[in-house]
Amino acid sequence: MDDMQLFIIFCMELTGTVAFAASGAMVGIRRGMDIFGVCVLGVVTAVGGGMTRDVILGTVPGALLDPVYVMVAVCTALSVFFILYYKKTFLQGKIGIFYEKTMFVMDTAGLGIFTVIGVITGIRSGYLENTFLLTFLGTLTGVGGGLLRDMMAGVPPYIFVKHVYACASVAGAISCVWIYRAFGQIPAMIIASALVILIRTLAAHYRWNLPHIRL
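The sections below set out a description of the structure shown in this document. (Residues numbered from 1 in each chain as written. Predicted model: local features only at pLDDT ≥ 70, side-chain atom pairs only at ≥ 80, totals over all residues. Heavy atoms only, no water.)

**A look at the overall build of the chain**
Consideration 1: A tally of regular secondary structure across the chain gives nine helices and zero strands.
Consideration 2: The C-alpha atoms of the chain give a radius of gyration of 17 Å, which matches the 17 Å a tight globule of 215 residues would have.
Consideration 3: Across its three principal axes, the chain shows a C-alpha extent of roughly 50 × 45 × 30 Å.
Consideration 4: Within the span of the chain, comprising 215 residues, buried residues form 46% of the whole.
Consideration 5: Taking as baseline every contact in the chain between residues at least 6 positions apart, the subset at least 24 positions apart corresponds to 76%.
Consideration 6: Accessible surface, the chain: about 11500 Å² in total, of which carbon and sulfur atoms supply 71%.
Consideration 7: Charge centroids of the chain, computed over 14 positive and 10 negative side chains, lie 17 Å from each other. (Helix = DSSP H or I, 4+ residues; strand = E, 2+ residues; numbered from the N terminus. Rg over C-alpha atoms; globule rule 2.2 N^0.38 Å. Buried < 20%, exposed > 50% of the residue type's maximum accessible area, 1.4 Å probe, protein only. Contact = heavy atoms within 4.5 Å. Areas by Shrake-Rupley, 256 points an atom, 1.4 Å probe, with all protein chains shown as cover. Lys, Arg positive; Asp, Glu negative; His and termini not counted. Charge placed at Lys NZ, Arg CZ, Asp CG, Glu CD.)

**Here we look at the packing of aromatic side chains**
Consideration 1: Throughout the structure, instances matching the rule amount to seven aromatic pairs.
Consideration 2: With a centroid separation of 5.7 Å and 15° between ring planes, the pair formed by Phe 81 and Tyr 85 is classed as stacked. Here the residue Phe 81 and the residue Tyr 85 both occupy positions in helix H4 (residues 68-86), the gap between them amounting to four residues, near one helical turn.
Consideration 3: A residue is classified by how much of its surface remains accessible, and Phe 81, at 14% relative accessible area, is buried.
Consideration 4: Here the aromatic rings of Tyr 206 and Trp 208 are separated by 5.8 Å at their centres, their planes lie at 20°, and the arrangement is stacked.
Consideration 5: A relative accessible area of 40% means that Trp 208 is categorised as partly exposed. (Phe/Tyr/Trp six-rings, centres within 6.5 Å; stacked < 30°, edge-to-face > 60°.)

**Notes on the nonpolar core**
Consideration 1: Of all hydrophobic cores here, the largest spans 17 residues; its most connected members are Phe 20, Ala 46, Val 47, Leu 111, Val 143 and Tyr 165.
Consideration 2: Secondary-structure elements contributing two or more residues to this core are helix H1 (2-30), helix H2 (35-56), H4, helix H5 (93-124) and helix H8 (165-183).
Consideration 3: The residues touching Leu 111, leaving out its near neighbours within four places in the chain, are Phe 20, Gly 142, Val 143, Tyr 165, Ser 169, Val 196 and Arg 200.
Consideration 4: Counting 16 residues, the second-largest nonpolar core is a separate cluster that includes Ile 9, Met 12, Ala 173 and Ala 192. (Core = buried A, V, L, I, M, F, W, Y, C linked by side-chain atoms within 4.5 Å.)

**Structural notes on the side chain of Thr 135**
Consideration 1: Along the chain, the position of Thr 135 falls in helix H6 (residues 131-153).
Consideration 2: Residues within four places of Thr 135 in sequence aside, it is in contact with Val 170, Ala 173 and Ile 174.

**Brief notes about the packing of H5 against H8**
Consideration 1: One way to put it is that H5 packs onto H8 with a least axis distance of 9 Å and a crossing angle of 45°. For the element pair H5 / H8, the angle class is oblique. Considering the relative orientation of H5 and H8, their crossing is right-handed. Only Tyr 165, Ser 169, Gly 172, Ala 173, Cys 176, Val 177 and Tyr 180 of H8 make contact with H5, whose side of the interface consists of Asp 107, Leu 111, Thr 115, Val 116, Val 119, Ile 120 and Ile 123.
Consideration 2: Of the residues belonging to the contact of H5 with H8, the class tally is ten nonpolar, three polar and one charged. (Axes fitted to C-alpha atoms, helices over the stretch in contact; angles between N-to-C directions. Parallel < 35°, antiparallel > 145°, perpendicular 65-115°, else oblique. Left-handed = near helix turned anticlockwise from the far one by under 90°. Nonpolar A, V, L, I, M, F, W, Y, C, P; charged D, E, K, R; others polar.)

**Quick look at the packing of H8 against helix H9 (residues 185-206)**
Consideration 1: Where H8 meets H9, the closest approach of the two axes is 8 Å, and the angle between their N-to-C directions is 160°. One way to sum up the angle between H8 and H9 is to call them roughly antiparallel. The two elements H8 and H9 meet at a crossing, and its hand is right-handed. On the side of H8, the interface is formed by Tyr 165, Ala 168, Ser 169, Ala 171, Gly 172, Ser 175, Cys 176, Ile 179, Tyr 180 and Phe 183, while H9 contributes Gln 185, Pro 187, Ala 188, Ile 191, Ala 192, Leu 195, Val 196, Ile 199 and Arg 200.
Consideration 2: Residues of the contact of H8 with H9, tallied by class, amount to 14 nonpolar, four polar and one charged.

**Comments concerning the pattern of salt bridges**
Consideration 1: A complete count under the given rule lists two salt bridges for this structure.
Consideration 2: Residues Arg 53 and Asp 54 are paired through a salt bridge, measuring 3.0 Å at the closest nitrogen-oxygen approach. For the residue pair Arg 53 and Asp 54, the accessibility class agrees, reading buried in each case.
Consideration 3: With its nearest N and O atoms 2.9 Å apart, the salt bridge here joins Asp 150 to Arg 149. The same class applies to Asp 150 and to Arg 149, which are both buried. (Salt bridge = Lys/Arg side-chain N within 4 Å of Asp/Glu carboxyl O.)

Here you go:
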(Lines give C-alpha, C1' and ligand atoms only; values in the text may rest on other atoms or scores of the structure.)
Protein backbone atom coordinates (compact mmCIF):
# COMPACT_ATOMS: atom_id res chain seq x y z
CA MET A 1 0.00 0.00 0.00
CA ASP A 2 2.84 2.39 0.88
CA ASP A 3 4.57 1.65 -2.44
CA MET A 4 1.33 2.31 -4.32
CA GLN A 5 0.84 5.62 -2.53
CA LEU A 6 4.40 6.68 -3.32
CA PHE A 7 3.91 5.73 -6.98
CA ILE A 8 0.68 7.72 -7.21
CA ILE A 9 2.35 10.74 -5.63
CA PHE A 10 5.33 10.43 -7.98
CA CYS A 11 3.08 10.30 -11.06
CA MET A 12 1.11 13.32 -9.83
CA GLU A 13 4.31 15.27 -9.22
CA LEU A 14 5.63 14.50 -12.70
CA THR A 15 2.35 15.61 -14.27
CA GLY A 16 2.44 18.87 -12.36
CA THR A 17 6.12 19.38 -13.21
CA VAL A 18 5.50 19.05 -16.95
CA ALA A 19 2.50 21.38 -16.82
CA PHE A 20 4.23 24.12 -14.85
CA ALA A 21 7.50 23.85 -16.78
CA ALA A 22 5.64 24.30 -20.08
CA SER A 23 3.82 27.36 -18.77
CA GLY A 24 7.08 28.84 -17.50
CA ALA A 25 8.78 28.21 -20.83
CA MET A 26 5.96 29.94 -22.71
CA VAL A 27 6.24 33.03 -20.51
CA GLY A 28 9.98 33.14 -21.18
CA ILE A 29 9.46 32.81 -24.94
CA ARG A 30 6.85 35.55 -25.00
CA ARG A 31 9.22 37.82 -23.05
CA GLY A 32 11.92 37.28 -25.66
CA MET A 33 14.31 35.29 -23.48
CA ASP A 34 17.05 33.07 -24.90
CA ILE A 35 17.13 29.30 -24.47
CA PHE A 36 18.84 29.52 -21.09
CA GLY A 37 16.29 31.98 -19.75
CA VAL A 38 13.44 29.82 -21.02
CA CYS A 39 14.88 26.78 -19.23
CA VAL A 40 15.42 28.71 -16.00
CA LEU A 41 11.86 30.01 -16.05
CA GLY A 42 10.56 26.51 -16.74
CA VAL A 43 12.49 25.03 -13.83
CA VAL A 44 11.58 27.84 -11.43
CA THR A 45 7.90 27.49 -12.26
CA ALA A 46 7.97 23.72 -11.81
CA VAL A 47 10.01 23.38 -8.60
CA GLY A 48 10.21 26.89 -7.15
CA GLY A 49 7.17 26.53 -4.89
CA GLY A 50 8.29 23.16 -3.56
CA MET A 51 11.82 24.37 -2.90
CA THR A 52 10.54 27.39 -0.98
CA ARG A 53 8.27 25.09 1.04
CA ASP A 54 11.18 22.81 1.94
CA VAL A 55 13.30 25.77 3.05
CA ILE A 56 10.49 26.88 5.37
CA LEU A 57 10.33 23.36 6.79
CA GLY A 58 14.08 23.45 7.40
CA THR A 59 15.05 20.68 4.99
CA VAL A 60 17.18 20.48 1.87
CA PRO A 61 14.86 21.07 -1.13
CA GLY A 62 13.73 17.77 -2.60
CA ALA A 63 14.39 19.03 -6.14
CA LEU A 64 18.10 19.20 -5.27
CA LEU A 65 18.23 15.78 -3.65
CA ASP A 66 16.28 14.10 -6.44
CA PRO A 67 17.04 16.03 -9.66
CA VAL A 68 14.58 14.01 -11.75
CA TYR A 69 12.04 16.84 -11.44
CA VAL A 70 14.56 19.45 -12.57
CA MET A 71 15.53 17.22 -15.50
CA VAL A 72 11.90 16.75 -16.51
CA ALA A 73 11.33 20.50 -16.27
CA VAL A 74 14.40 21.24 -18.43
CA CYS A 75 13.38 18.68 -21.05
CA THR A 76 9.87 20.11 -21.16
CA ALA A 77 11.13 23.69 -21.51
CA LEU A 78 13.58 22.66 -24.25
CA SER A 79 10.84 20.83 -26.13
CA VAL A 80 8.59 23.89 -26.09
CA PHE A 81 11.49 26.13 -27.12
CA PHE A 82 12.65 24.05 -30.08
CA ILE A 83 9.13 23.43 -31.38
CA LEU A 84 8.51 27.17 -31.57
CA TYR A 85 12.08 27.94 -32.68
CA TYR A 86 11.79 25.83 -35.81
CA LYS A 87 8.13 26.55 -36.47
CA LYS A 88 7.01 29.88 -35.09
CA THR A 89 3.53 29.46 -36.57
CA PHE A 90 2.97 26.16 -34.75
CA LEU A 91 0.63 27.72 -32.20
CA GLN A 92 -1.54 29.52 -34.72
CA GLY A 93 -4.99 28.50 -35.85
CA LYS A 94 -6.66 25.37 -34.53
CA ILE A 95 -3.43 23.97 -33.13
CA GLY A 96 -2.96 27.14 -31.10
CA ILE A 97 -6.47 26.90 -29.69
CA PHE A 98 -5.94 23.24 -28.82
CA TYR A 99 -2.62 24.07 -27.19
CA GLU A 100 -4.13 26.83 -25.04
CA LYS A 101 -6.90 24.52 -23.87
CA THR A 102 -4.43 21.72 -23.16
CA MET A 103 -2.17 24.06 -21.21
CA PHE A 104 -5.11 25.30 -19.17
CA VAL A 105 -6.07 21.74 -18.27
CA MET A 106 -2.50 20.80 -17.38
CA ASP A 107 -1.89 24.00 -15.42
CA THR A 108 -5.12 23.49 -13.50
CA ALA A 109 -4.20 19.88 -12.77
CA GLY A 110 -0.72 20.98 -11.71
CA LEU A 111 -2.19 23.52 -9.30
CA GLY A 112 -4.34 20.86 -7.64
CA ILE A 113 -1.52 18.32 -7.54
CA PHE A 114 1.11 20.61 -6.08
CA THR A 115 -1.32 22.04 -3.55
CA VAL A 116 -2.02 18.63 -2.03
CA ILE A 117 1.65 17.63 -2.28
CA GLY A 118 2.52 20.68 -0.20
CA VAL A 119 -0.03 19.73 2.45
CA ILE A 120 1.11 16.11 2.57
CA THR A 121 4.75 17.19 2.89
CA GLY A 122 3.83 19.36 5.87
CA ILE A 123 1.90 16.50 7.47
CA ARG A 124 4.88 14.16 7.03
CA SER A 125 7.05 16.75 8.73
CA GLY A 126 4.91 16.43 11.86
CA TYR A 127 2.47 19.32 11.58
CA LEU A 128 -0.82 17.45 11.20
CA GLU A 129 -2.57 19.54 13.85
CA ASN A 130 -1.46 22.92 12.48
CA THR A 131 -4.13 23.75 9.91
CA PHE A 132 -2.83 27.24 9.16
CA LEU A 133 0.72 26.06 8.45
CA LEU A 134 -0.45 23.18 6.28
CA THR A 135 -2.74 25.48 4.30
CA PHE A 136 0.11 27.93 3.81
CA LEU A 137 2.48 25.18 2.68
CA GLY A 138 -0.07 23.77 0.25
CA THR A 139 -0.87 27.15 -1.27
CA LEU A 140 2.81 28.10 -1.47
CA THR A 141 3.65 24.86 -3.25
CA GLY A 142 0.76 25.37 -5.68
CA VAL A 143 1.29 29.02 -6.63
CA GLY A 144 4.84 29.79 -5.50
CA GLY A 145 6.52 28.69 -8.72
CA GLY A 146 4.20 30.80 -10.85
CA LEU A 147 4.75 33.79 -8.57
CA LEU A 148 8.53 33.50 -8.91
CA ARG A 149 8.16 33.04 -12.68
CA ASP A 150 6.17 36.22 -13.13
CA MET A 151 8.49 38.22 -10.89
CA MET A 152 11.54 37.05 -12.87
CA ALA A 153 9.79 37.77 -16.16
CA GLY A 154 8.76 41.25 -15.05
CA VAL A 155 5.02 40.79 -15.43
CA PRO A 156 2.19 41.25 -12.89
CA PRO A 157 1.90 37.98 -10.94
CA TYR A 158 -0.88 35.88 -12.46
CA ILE A 159 -2.31 34.93 -9.08
CA PHE A 160 -3.06 38.58 -8.27
CA VAL A 161 -4.90 39.52 -11.45
CA LYS A 162 -6.57 36.46 -12.99
CA HIS A 163 -9.65 34.66 -11.70
CA VAL A 164 -9.51 32.92 -8.31
CA TYR A 165 -6.30 30.98 -8.93
CA ALA A 166 -4.78 31.26 -5.46
CA CYS A 167 -8.18 31.01 -3.74
CA ALA A 168 -8.74 27.64 -5.42
CA SER A 169 -5.43 26.47 -3.99
CA VAL A 170 -6.35 27.70 -0.50
CA ALA A 171 -9.69 25.88 -0.64
CA GLY A 172 -8.00 22.70 -1.82
CA ALA A 173 -5.35 22.88 0.89
CA ILE A 174 -7.91 23.32 3.68
CA SER A 175 -10.07 20.47 2.37
CA CYS A 176 -6.99 18.25 2.06
CA VAL A 177 -6.16 18.78 5.75
CA TRP A 178 -9.67 18.00 6.92
CA ILE A 179 -10.15 14.97 4.70
CA TYR A 180 -6.73 13.59 5.65
CA ARG A 181 -7.66 13.67 9.33
CA ALA A 182 -10.95 11.90 8.67
CA PHE A 183 -10.22 9.43 5.86
CA GLY A 184 -6.48 9.23 5.22
CA GLN A 185 -3.97 10.29 2.59
CA ILE A 186 -5.20 8.96 -0.75
CA PRO A 187 -8.83 10.17 -0.39
CA ALA A 188 -7.51 13.55 0.78
CA MET A 189 -5.22 13.93 -2.22
CA ILE A 190 -7.80 12.85 -4.79
CA ILE A 191 -10.75 14.84 -3.44
CA ALA A 192 -8.74 17.99 -2.68
CA SER A 193 -7.10 17.95 -6.12
CA ALA A 194 -10.50 17.51 -7.74
CA LEU A 195 -11.86 20.45 -5.72
CA VAL A 196 -9.05 22.74 -6.88
CA ILE A 197 -9.60 21.69 -10.50
CA LEU A 198 -13.37 22.22 -10.19
CA ILE A 199 -13.06 25.71 -8.70
CA ARG A 200 -10.40 26.74 -11.20
CA THR A 201 -12.43 25.45 -14.15
CA LEU A 202 -15.64 27.13 -13.03
CA ALA A 203 -13.79 30.39 -12.38
CA ALA A 204 -12.32 30.38 -15.88
CA HIS A 205 -15.57 29.38 -17.55
CA TYR A 206 -17.75 31.93 -15.79
CA ARG A 207 -14.96 34.52 -15.56
CA TRP A 208 -15.10 34.76 -11.78
CA ASN A 209 -12.73 37.34 -10.36
CA LEU A 210 -12.15 38.78 -6.92
CA PRO A 211 -13.25 42.41 -6.43
CA HIS A 212 -10.71 44.99 -7.54
CA ILE A 213 -10.60 48.73 -8.12
CA ARG A 214 -10.11 50.39 -11.51
CA LEU A 215 -8.99 54.00 -11.14
